[in-house]
Amino acid sequence: MLRGEAGSGKTTLLNAVKSTYDAMLCVDVDEIDDDLMQLAQDVVGTRAALLIATEGAPRGLPSVTLDPLDTETSLRVLHDLVPGLPGTLAADLADLAGGNLLALVELAGSLTSAQLGGIEPAPAVLPENSSLRLRWRSRFDALSAEAQHVVALVAVDEEVDAATLDLDAVLEAGPLFDRRRLVRTALRADVPLRLQRAAHAELAETLPPGPRRTWHQAVTNQDTQLAHALTAHAEHARRCGDFATAARDHDRAARLTADPEEKAHNLLKAAADHWAHGAPHRSRAVLRTAVRLTHTPELRALMDLVVGGIDLGESLPDVAADRLVRAARALVSSRRLLAVAALGFAGEAASIAGDHRRYTAIADFARDIRRGDEPPATRLTLDHLVGMSATFDGRHDEALPPLRSVIELADQVPGPQARIWASQAAYVLGDATRSNEMATSAVTAARESGFTAMVPWALVYRALSALLLDQHAAALTAATEGVHAATAIGQHNAVVDHLTILALLAALRGDADTALHRLDTAGEHITQRGLARPGTFGAWAFACVDLARDRPADALDRLRLHPGHAGIKVMAAPHVVEAAVACGRQSAGDRALQPFERWAGVTGSTARLALSHRCRGLLEAGTADEHFEEAIRLHRASGTAMELAKTELLYGNRLRRGRKPKAAREHLRDAVRIFQSYQADHWVERARAELRAAGDSTSEPKDHPGLTPQQAQIARLVAEGATNREIAARLFLSHRTVEHHLRNIFARLGVRSRVELTRRLD
């Protein structure tokens with residue numbers, strides 16, 4: 001039996017399998033009645049087959065439920081239906097369809113040239129001739145008066161509580177009593193106005209005092225004066241961090257307002273609220289209406305600020321940067337706080353695009369508008385821009401004072417944004433602990449304040465700072481959480497940021513298959529939207545894969561020739577040096593190391609100074625021992641165990657080739673132990689091979705029953721009943737990688753099946 005809502009694809013699947021059996025009955029019904037149950041029992045034990053498609057309960061029959069499509073799959077369906085469909089239009093359609101396959105097909109088929117060309121907004125409701133909409137209309141017409149009334153109630157107010165209504169009427173209404181936008185917009189278009197007015201009137205009488213009651217009173221009494229009361233409610237919701245409610249009430253206030261300028265202002269506020277709580281497509285749709293209502297420069301600039309913030313998360317970063325700079329210039333004399341915020345976002349957009357010329361221009365503007373009596377909130381953002389610009393240019397002495405100022409000011413400025421800037425500043429200065437604290441605080445502040453749009457961004461620096469601390473499990477958790485958080489709110493650029501960080505994590509552990517799968521997932525988006533920053537992280541991860549697979553020439557060319565993000569290329573310099581030395585191209589390694597050395601030297605980062613000395617140990621034969629020993633000391637002082645193991649592996653290799661096998665074995669044994677603790681199987685085997693070459697006969701693998709964090713995640717999901725494909729999708733791994741991990745899990749835990757694994761974990 002196939003279960004799913006109307007439009008989920010049940011009938012299509014039934015038609016697809018009809019011809020594959022000699023005797024098959026396919027039935028599409030709303031509910032399974034007793035006669036159909038009897039027929040299902042009659043075919044048991046025969047060579048006949050009965051397939052049932054229904055929206056009702058399975059009544060004990062074996063069933064498969066067709067769940068709504070996720071956003072990524074919905075977008076793929078739309079692009080298959082309409083090749084070349086603009087990304088923002090596709091996102092709007094996917095948001096309206098809510099994963100309903102038939103709705104996607106009908107919405108795509110209804111698009112006009114004006115909509116495809118961006119002249120008119122995306123459809124806000126299914127087309128009038130939609131078979132799905134006609135089906136709902138037919139069902140509505142067949143309902144009793146009581147059931148039609150409860151459907152009208154939910155059509156005019158999605159927050160109606162079913163528990164306060166006539167239960168029999170709610171049950172009769174069935175799938176039409178649905179709060180989702182797809183269903184409600186269709187019902188609002190088709191439910192007779194008299195029934196909608198009656199619903200508004202009842203809610204105006206029965207709801208407790210508050211914004212919902214105010215709205216229904218305004219509609220019932222045609223009282224436009226209540227728009228100001230709704231605006232006051234919306235501002236209160238904003239202060240409480242309830243941006244979803246604020247967006248609702250600002251939008252309703254706009255609908256009650258006749259004056260175009262005031263209506264545009266309320267719509268602008270609703271759009272900003274939608275963006276803040278993670279609904280960028282709703283925000284963009286509201287702004288399309290608002291922009292047609294006003295020519296006021298300030299309002300237009302504020303709209304640019306909101307659209308630029310949306311573009312920063314999901315569209316072309318260079319376009320976002322231009323729009324945000326335009327907003328900053330227009331607002332700097334009248335709304336200075338917002339102008340500086342726009343400038344900060346513009347800098348982030350330029351950084352994502354890898355456009356350091358544009359970043360420099362933004363920083364110059366920040367320097368020009370800075371005042372002597374600048375308050376902490378704006379001074380923090382302006383200092384951040386100036387300090388990061390100097391860093392990108394390699395002027396680290398100049399970068400130190402403004403970046404230190406950012407970190408100091410963060411404690412004086414409320415909200416997540418200040419902590420994100422401070423986390424980035426601390427990361428650049430090499431203070432990984434402070435960076436991680438600030439990023440964690442930013443995530444907490446974003447969630448507590450309802451500023452959902454900031455969560456994925458804060459998690460980027462939580463992951464990177466954990467990686468700098470060599471806390472790979474924490475970095476994996478933060479980046480995985482970031483992928484899911486960004487996916488949930490449509491921030492596709494942040495998804496790519498986190499995927500490339502996850503790829504780098506896998507590559508550093510030597511897990512090439514997982515790294516390549518994650519890079520493949522991110523690659524198309526990097527190219528389409530010009531995402532240089534994650535693209536450079538991706539090139540770094542690719543290079544680490546090449547090094548793990550003994551292809552140093554490929555690794556060197558990949559990093560050396562990649563145009564990308566200058567700052568991240570400096571961060572990747574230790575791997576450039578490793579590849580260059582393995583290719584016998586020391587001069588290329590030395591050129592790459594020099595800017596990294598300057599950065600590490602000026603900031604005094606112990607972890608990065610350790611890497612600098614490791615690189616010098618690889619490059620300089622005469623003083624190699626001193627550099628390697630200092631690198632080991634600094635690794636231990638900074639607590640970066642994984643990098644310590646890598647340094648000891650490289651040093652052990654050099655000692656072995658220098659005919660010092662005893663000294664080599666000491667370092668290589670340390671490396672094996674550390675790699676084992678990180679469950680970095682590839683590097684464990686590499687270090688053991690070096691140990692054997694150094695004359696150690698005790699370096700064979702032993703039984704290690706403990707699981708890596710990723711293996712523990714996979715085992716837990718298996719115990720919950722997830723299939724390999726479901727696990728792969730959940731953890732952003734390839735199907736093959738999941739199978740490989742499962743084999744290792746079975747071996748380590750001494751089990752032979754998923755059932756035994758589940759029992760063992762219980």
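Residues numbered from 1 in each chain as written. Predicted model: local features only at pLDDT ≥ 70, side-chain atom pairs only at ≥ 80, totals over all residues. Heavy atoms only, no water.

A closer look at unusual backbone geometry
Among all residues save glycine, negative phi is the norm, and among peptide bonds the norm is trans.
Argument step 1. Even without glycine at this site, Gln222 takes up a positive phi of about 55°.
Argument step 2. If you trace the backbone, Gln222 turns up in the loop between helix 12 (211–221) and helix 13 (227–239).
Argument step 3. Residue Gln222 is classed as exposed on the basis of its relative accessible area of 66%.
Argument step 4. Positive phi, normally seen in glycine, also occurs at Asp470, with a value near 65°.
Argument step 5. As for its placement among the helices and strands, Asp470 is situated in the loop between helix 25 (455–468) and helix 26 (472–488). (Helix = DSSP H or I, 4+ residues; strand = E, 2+ residues; numbered from the N terminus. Buried < 20%, exposed > 50% of the residue type's maximum accessible area, 1.4 Å probe, protein only.)

Some words on the side chain of Ser283
Argument step 1. Mapped onto the elements of the fold, Ser283 is located in helix 16 (residues 280–290).
Argument step 2. Classification of Ser283 by relative accessible area gives buried; the value is 0%.

Regarding the pattern of salt bridges
Argument step 1. Evaluation of the coordinates by the stated rule reveals 56 salt bridges.
Argument step 2. We note a salt bridge from Arg59 to Asp34, for which the minimum N-O separation is 3.0 Å. Pair noted here: Arg59 is in the loop between strand 3 (49–54) and strand 4 (64–65) and Asp34 is in helix 2 (residues 34–42), with a separation of 25 residues, a long-range link.
Argument step 3. According to the relative accessible area criterion, Asp34 is exposed, its value standing at 55%. (Salt bridge = Lys/Arg side-chain N within 4 Å of Asp/Glu carboxyl O.)

Quick word on the environment of Ala541
Argument step 1. Along the polypeptide, Ala541 turns up in helix 29 (residues 532–548).
Argument step 2. The class of Ala541 is buried, set by a relative accessible area of 0%.
Argument step 3. Through-space distance from the C-alpha of Ala541 to that of Pro297 is 45 Å; in sequence the pair is 244 residues apart.

As for the nonpolar core
In a soluble, globular protein the nonpolar side chains are often hidden away together inside.
Argument step 1. Residues Leu287, Leu343, Phe345, Leu380, Leu504, Trp540 and Phe675 are the most contacted members of the largest nonpolar core, which totals 162 residues.
Argument step 2. The dominant element in this core, judged by the number of residues it contributes, is helix 27 (residues 492–508), at 12 residues.
Argument step 3. Excluding its chain neighbours within four sequence positions, the residues that come into contact with Leu287 are Leu268, Ala271, Met303, Val306, Val307 and Ile310.
Argument step 4. Ranked by size, the runner-up nonpolar core spans 47 residues in total, among them Leu78, Ala147, Ala169 and Leu195. (Core = buried A, V, L, I, M, F, W, Y, C linked by side-chain atoms within 4.5 Å. Contact = heavy atoms within 4.5 Å.)

Let's talk about the pairing of strand 2 (residues 24–29)
Argument step 1. As paired strands, strand 2 and strand 3 are joined by 6 bridges and run parallel to one another. Bridge assignment links Asp28 to a residue of strand 3, and that residue is Ala53.
Argument step 2. Handedness of the strand 2-helix 2-strand 3 crossover: right-handed. (Pairing = 2+ DSSP bridges. Right-handed = clockwise from strand over helix to strand, strands pointing away.)

Focus on the packing of aromatic side chains
Argument step 1. Tallied over the full model, the rule gives 10 aromatic pairs.
Argument step 2. Ring centres 5.6 Å apart and planes at 50° place the aromatic pair Phe243 and Phe451 in the tilted group. A residue pair is termed long-range when its members are at least 10 positions apart, and Phe243 in helix 14 (residues 243–256) and Phe451 in the loop between helix 24 (432–448) and helix 25 qualify at 208 residues.
Argument step 3. You can call Phe243 buried: its relative accessible area is 12%.
Argument step 4. Seen in terms of ring centroids, Tyr359 and Phe392 are 5.1 Å apart; in terms of plane orientation they differ by 85°. Their pairing is edge-to-face. (Phe/Tyr/Trp six-rings, centres within 6.5 Å; stacked < 30°, edge-to-face > 60°.)

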